[in-house]
2 protein chains.
Amino acid sequence: MQNFMEPKRVALIGISRKSGAGSFNLMENMLTFGFGGEIFPVNPNAGEILGQRAYSNVKEIKKEIDLAVISSPRETTLSILKDCVAANIKAAIVVNQGFNDADRRGQEMQQQMTDMARRDGIRILGPNTLGVINSFNNFTTSFMPVSKERAPVGLICQSGIHLVGPQRFSGKIGKGIDLGNACDIGFYDALAHFGQDPEIKIIAIHMEGMNQGKDFLSLAARVVKDKPIVVHKSGRSKTGARAAMSHTGSIAGNYRLLKAGLRQAGVTFLDDGGHMPYAVKTLLNLPLMPDSRIGVITYSGGAGIMVSDGLEKHGLHLAAFSAETIDRVAALSPQWMPLTNPLDIWPAVMLHGARKAYSVALKAVLNDPNVDGVICIAIAPLPEFSFLDVSETLNTVMEEFPARKPVIAWTYGPNIAEVEKRYESRKRIMAYPTLDLATWALSLLIDRYKAIHPDRQP
Amino acid sequence: MQNFMEPKRVALIGISRKSGAGSFNLMENMLTFGFGGEIFPVNPNAGEILGQRAYSNVKEIKKEIDLAVISSPRETTLSILKDCVAANIKAAIVVNQGFNDADRRGQEMQQQMTDMARRDGIRILGPNTLGVINSFNNFTTSFMPVSKERAPVGLICQSGIHLVGPQRFSGKIGKGIDLGNACDIGFYDALAHFGQDPEIKIIAIHMEGMNQGKDFLSLAARVVKDKPIVVHKSGRSKTGARAAMSHTGSIAGNYRLLKAGLRQAGVTFLDDGGHMPYAVKTLLNLPLMPDSRIGVITYSGGAGIMVSDGLEKHGLHLAAFSAETIDRVAALSPQWMPLTNPLDIWPAVMLHGARKAYSVALKAVLNDPNVDGVICIAIAPLPEFSFLDVSETLNTVMEEFPARKPVIAWTYGPNIAEVEKRYESRKRIMAYPTLDLATWALSLLIDRYKAIHPDRQP
């Protein structure tokens, strides 16, 4: 995959002379993204593209090309690939659609691509792909605008949507590989690459189809010891499977078997793809949890009830706080206030202020040997009521503690987006939009703990 | 409830002299919120509060008071209520905690409040409540900061969290009633009020406990013919029920029985409280759907697969598009492009631009007699790629059509918050963060159609 992710010399075959808004010019996008290597545009009808000499055929370039990116009508693709082989190019991305995703003629042509990859020493990514993005060396082959973010997250997908809009799918991504129709390079290759990539700490995978089941599973079982792998598989339903067939020509496969196999391998498998960004940020940033005893600190008794429902749904338990924990908070509360878990500190906030009350409570709960993880519930106020915002207070408390117990924040109020950013600013506390997701996220930390420490007792 | 929601003269008993940041001064909050009536502060130790003469006892006021708001230590609350009765006050809000939410002594005092309400002709809201908010006449009794928003949404809850942070719980609210421990005024009274309030078009209810089951159900069955009612009940789990007991002293009741009864009555019942904002905006803004045949238009085949999974999960179906619909989009697409539902218009976008392609596709799908509702999937680009943003295009198309088929947008990309606002700006299209929620939202529109037209065939 090195040729795909970190090429020095790239040939762009079938690149258009048009540039600017609406032209989807891949070369322009590559330059904007900051690629520092050499680009060789190939277009027999253009003398020059974006100020660079255009070659009429890739064979004319006469330099060692690491990667060819082909975007040209499907009828010309095979002969261009042959030219690439003749020019001794070892890696090609076929961007255009119209193969297994289209008609019988397209399927025949894709089969010929597969044969060529097996026979002629060229590896092919695609067809029907935006290719790759590597923010760490400013490289992308996407003709759609993509963001650059040096996050240690490697994404493997089959649809450009994941590279263009990772916010919805995986959160931040640092590197991405869009397999498209996967005529040659598949999930196995991409996972093997990210598995050994030191810049990648977690791997997010959106599958439509999977036909390398057995090898992939044993690879995943090895990689997952080192790096979390999170998988969502779409095309789960009958109609979804038909849609997958027509999108990338994927055979959707047996969902339940795949899910069972991946879970067995220690992979975090998601039924709802919309949960991927939360799974990724949880497993990337929070410490794992050996057991399920959760301490809840809350401004609101109402929220304490909701969180209890979430905990039970996701197999977690309310910790039985030690007497010391209760005593510390009781010292700040009215005598009549029943203190238990969830720990309702609102009366203490009224008497001593939010920062004092929350700081005392969080320290006590983090020190409590009966607690494995913590949920903090607090308001996200507008700036004029910032004395109720404890994001900075809690982050300061966290600095006194090693990263051994995960701490999650759930906020409500008129300023959620801003305050959540503050909670997450030091990557010690993660925030979630619903208590269902907050409690679910904690359950992922137990699952992964068990997957990589199968013999350890909690 | 009129005295609570639209009082002219309000006595604030036990109000503090302190004001400004961190003082939680209810009178200051009430003034900031814009209350135009008369306020009578009562505090025996203060001559003047916020520039107004303070009375030492409510009986001294000698004017007809519509509502008393009591925030004073629990030991004083009953005698203050007696003074209110003596002063011929018919409505009181007890803000403070320490009753059924606390110890045995608190329970005894709450029982005495209930007795007083039944016997002495005073209605009591609370204790343990922020009281009410009525944005339509700039009135609130909340000591916490709350937002003013003249949305036709009436909220009934038992925890101030819902008034302070409606964004997480119900979305925008125009009026709210926090029942707190509900010693007297309960869900029945609040629902009856919003049921006949012409400024309220939809009612959102967050329950912790419910002990007026039968009367409430028959009232709900009547109200729901006119206005959607959405209910979430927390304290579902065993631990949640225990937490509810300690928060408002509620008996959580049998969750499954309540759910079945409410559904039978035509209420939209949510298992996940985090879904409430989406349920409310869906039922408030989108037309109902008699049947489940959904047309999907997408920039991305990958998203088409995901949406198919969501449709199947929520009991919806991919519509079989008419030949005319397919023909109209085929005229813009390459010949090899297989067109079906989901309708992948990306090749048409590449050839004719996003606005042309999406406009043709949406018109065709809205005109298609085989379609009951529509999901539009498109990118949320940064401003420099705004030619890919079709929010304005789709809203313009909607103006040519009567509000008969719901249209939902799902976007991905780097500018989601901004672009979603544009989609929703004319309240004809609603946007959702995940495809699971988008498809679920459509299913609510069928459920409500069936609930209010039990005899009509689709």
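Here the structure is a predicted model, which means the values were calculated and not measured.

A separate point is the overall build of chain A. Of the regular secondary structure elements, chain A holds 18 helices and 20 strands. For chain A, the C-alpha atoms occupy an extent of roughly 85 × 45 × 35 Å along the three principal directions. For chain A, the residues scored as buried account for 62% of the 458 residues in total. Carbon and sulfur atoms form 49% of the exposed surface of chain A, whose accessible area is close to 17,300 Å². If the 50 positive side-chain charges of chain A are averaged to one point and the 44 negative ones to another, these points end up 3 Å apart.

Quick look at the interface of chain A and chain B now. Taken together, the 68 residues of chain A in the interface contact 68 residues of chain B. Interface area lost by chain A to chain B is led by R168, I305 and W336 of chain A, which between them contribute 14%. At the junction of chain A and chain B, the tally comes to two salt bridges. Close ionic contact of R168 of chain A with E420 of chain B constitutes a salt bridge, the shortest N to O distance being 2.7 Å. On inspection of chain A and its partner chain B, the count reaches 10 residue pairs in polar contact (both at pLDDT 80 or more). Contributing elements (two or more residues each) for the side of chain A that touches chain B: α5 (161-164), α6 (166-169), α9 (238-248), α12 (301-313), α14 (346-352), β19 (407-412) and α17 (416-424) of chain A. In terms of residues, the side of chain A that touches chain B owes the most to one element, α12 of chain A, which gives nine residues. Considering only residue class, the side of chain A that touches chain B consists of 31 nonpolar, 23 polar and 14 charged.

Here we come to helix α4 (residues 104-119) of chain B. Residue and element names in this part refer to chain B. Between its first and last C-alpha atoms α4 spans 23 Å; for 16 residues at 1.5 Å apiece the expected length is 22 Å, and the two agree. Buried within α4 we find G106, M109, Q110, M113, T114, M116 and A117. Angular distribution of buried residues about the axis of α4 spans 160°; they occupy a single face of the element. Seen from the buried face of α4, the exposed residues on the opposite side, beyond 90 degrees, are R104, R118 and R119. Taken together, the buried residues of α4 touch α3 (74-86), β6 (91-94) and β7 (123-125). One or two positions beyond α4, positive phi appears at G121, with a value near 70°.

Residues and elements named next belong to chain B. With burial as the criterion, each face of β6 is covered, one bearing A91 and I93 and the other bearing A92 and V94. Alignment of strand β5 (residues 67-70) against β6, held across three bridges, turns out to be parallel. Residue pairing in the sheet places V69 in a bridge with I93 of β6. Of the crossover connections in this fold, the one passing from β5 over α3 to the parallel β6 is right-handed.

Let's shift gears to the domain arrangement of chain A. The domain architecture assigned to chain A consists of domain 1 (1-124), domain 2 (149-285) and domain 3 (287-452). Taking only C-alpha atoms, the centre of domain 1 of chain A and the centre of domain 3 of chain A are 52 Å apart.

Another aspect to go through is the packing of helix α7 (residues 187-196) of chain B against helix α8 (residues 213-223) of chain B. Residues and elements named next belong to chain B. Two numbers describe how α7 lies on α8: the axes approach to 10 Å, and their chain directions differ by 15°. If you check the angle between α7 and α8, you find them roughly parallel. Like other packed secondary-structure pairs, α7 and α8 cross with a definite hand, here left-handed. Residues F187, Y188, L191, A192 and G195 of α7 pack against D215, F216, L219, A220, R222 and V223 of α8. A class-by-class count of the residues in the contact of α7 with α8 yields eight nonpolar, one polar and two charged.

Grouped together as the largest cluster of nonpolar side chains are 268 residues, with contacts concentrated most on Y299 and I345 of chain A together with Y299 and I345 of chain B. The residues touching Y299 of chain A, leaving out its near neighbours within four places in the chain, are D344, I345, W346, V349, A354, Y358, I377, A378, I379, L388, V390 and Y412 of chain A.

The full count for this structure, using the stated rule, is 47 salt bridges over all chains. Here D103 of chain A ties to R74 of chain A by a salt bridge, and the two come within 2.7 Å at their closest N and O atoms. Note that D103 of chain A is positioned in the loop between β6 (91-94) and α4 (104-119) and R74 of chain A in helix α3 (residues 74-86), a separation of 29 residues in sequence. Overall, D103 of chain A belongs to the partly exposed group, its relative accessible area being 28%. Among the ionic pairs, E38 of chain B bridges to K63 of chain B, the shortest N-O distance being 3.5 Å. Note that E38 of chain B is positioned in strand β2 (residues 38-42) and K63 of chain B in the loop between β4 (52-53) and β5, a separation of 25 residues in sequence.

This part is about the sheet that holds β6 of chain B. Residue and element names in this part refer to chain B. The five strands lie next to each other as β2-β1-β5-β6-β7, forming an open sheet whose pairing is parallel. The sheet is open, and its two borders are formed by β2 and β7, each paired with just one other strand. Pairs of neighbouring strands in the sheet enclose a mean axial angle of 20°, with direction left out of account.

Here we take up the sheet that holds strand β8 (residues 132-134) of chain A. All names here are of chain A. Strand order in this open sheet of seven strands is β9-β8-β11-β10-β12-β13-β14, and the pairing throughout is mixed. Each having just a single partner strand, β9 (139-140) and β14 (268-270) make up the two edges of the open sheet. Pairing geometry for strand β13 (residues 229-233) and β14, over three bridges, is parallel. Bridge pairing links V230 to T268 in β14. Packed on one face of the sheet, helix α10 (residues 255-264) meets β12 (202-207), β13 and β14 and runs near 155° to β14.

Rules and cut-offs
Residues numbered from 1 in each chain as written. Chains lettered and ligands numbered in written order. Predicted model: local features only at pLDDT ≥ 70, side-chain atom pairs only at ≥ 80, totals over all residues. Heavy atoms only, no water. Helix = DSSP H or I, 4+ residues; strand = E, 2+ residues; numbered from the N terminus. Buried < 20%, exposed > 50% of the residue type's maximum accessible area, 1.4 Å probe, protein only. Areas by Shrake-Rupley, 256 points an atom, 1.4 Å probe, with all protein chains shown as cover. Lys, Arg positive; Asp, Glu negative; His and termini not counted. Charge placed at Lys NZ, Arg CZ, Asp CG, Glu CD. Contact = heavy atoms within 4.5 Å. Buried area = accessible area lost by both parts, 1.4 Å probe. Salt bridge = Lys/Arg side-chain N within 4 Å of Asp/Glu carboxyl O. Polar contact = N/O pair within 3.5 Å; in protein donor to acceptor, adjacent residues only side chain to side chain. Nonpolar A, V, L, I, M, F, W, Y, C, P; charged D, E, K, R; others polar. Expected span 1.5 Å × (residues − 1). Arc of directions from axis to C-beta. Pairing = 2+ DSSP bridges. Right-handed = clockwise from strand over helix to strand, strands pointing away. Domains from an automatic or database assignment. Axes fitted to C-alpha atoms, helices over the stretch in contact; angles between N-to-C directions. Parallel < 35°, antiparallel > 145°, perpendicular 65-115°, else oblique. Left-handed = near helix turned anticlockwise from the far one by under 90°. Core = buried A, V, L, I, M, F, W, Y, C linked by side-chain atoms within 4.5 Å.

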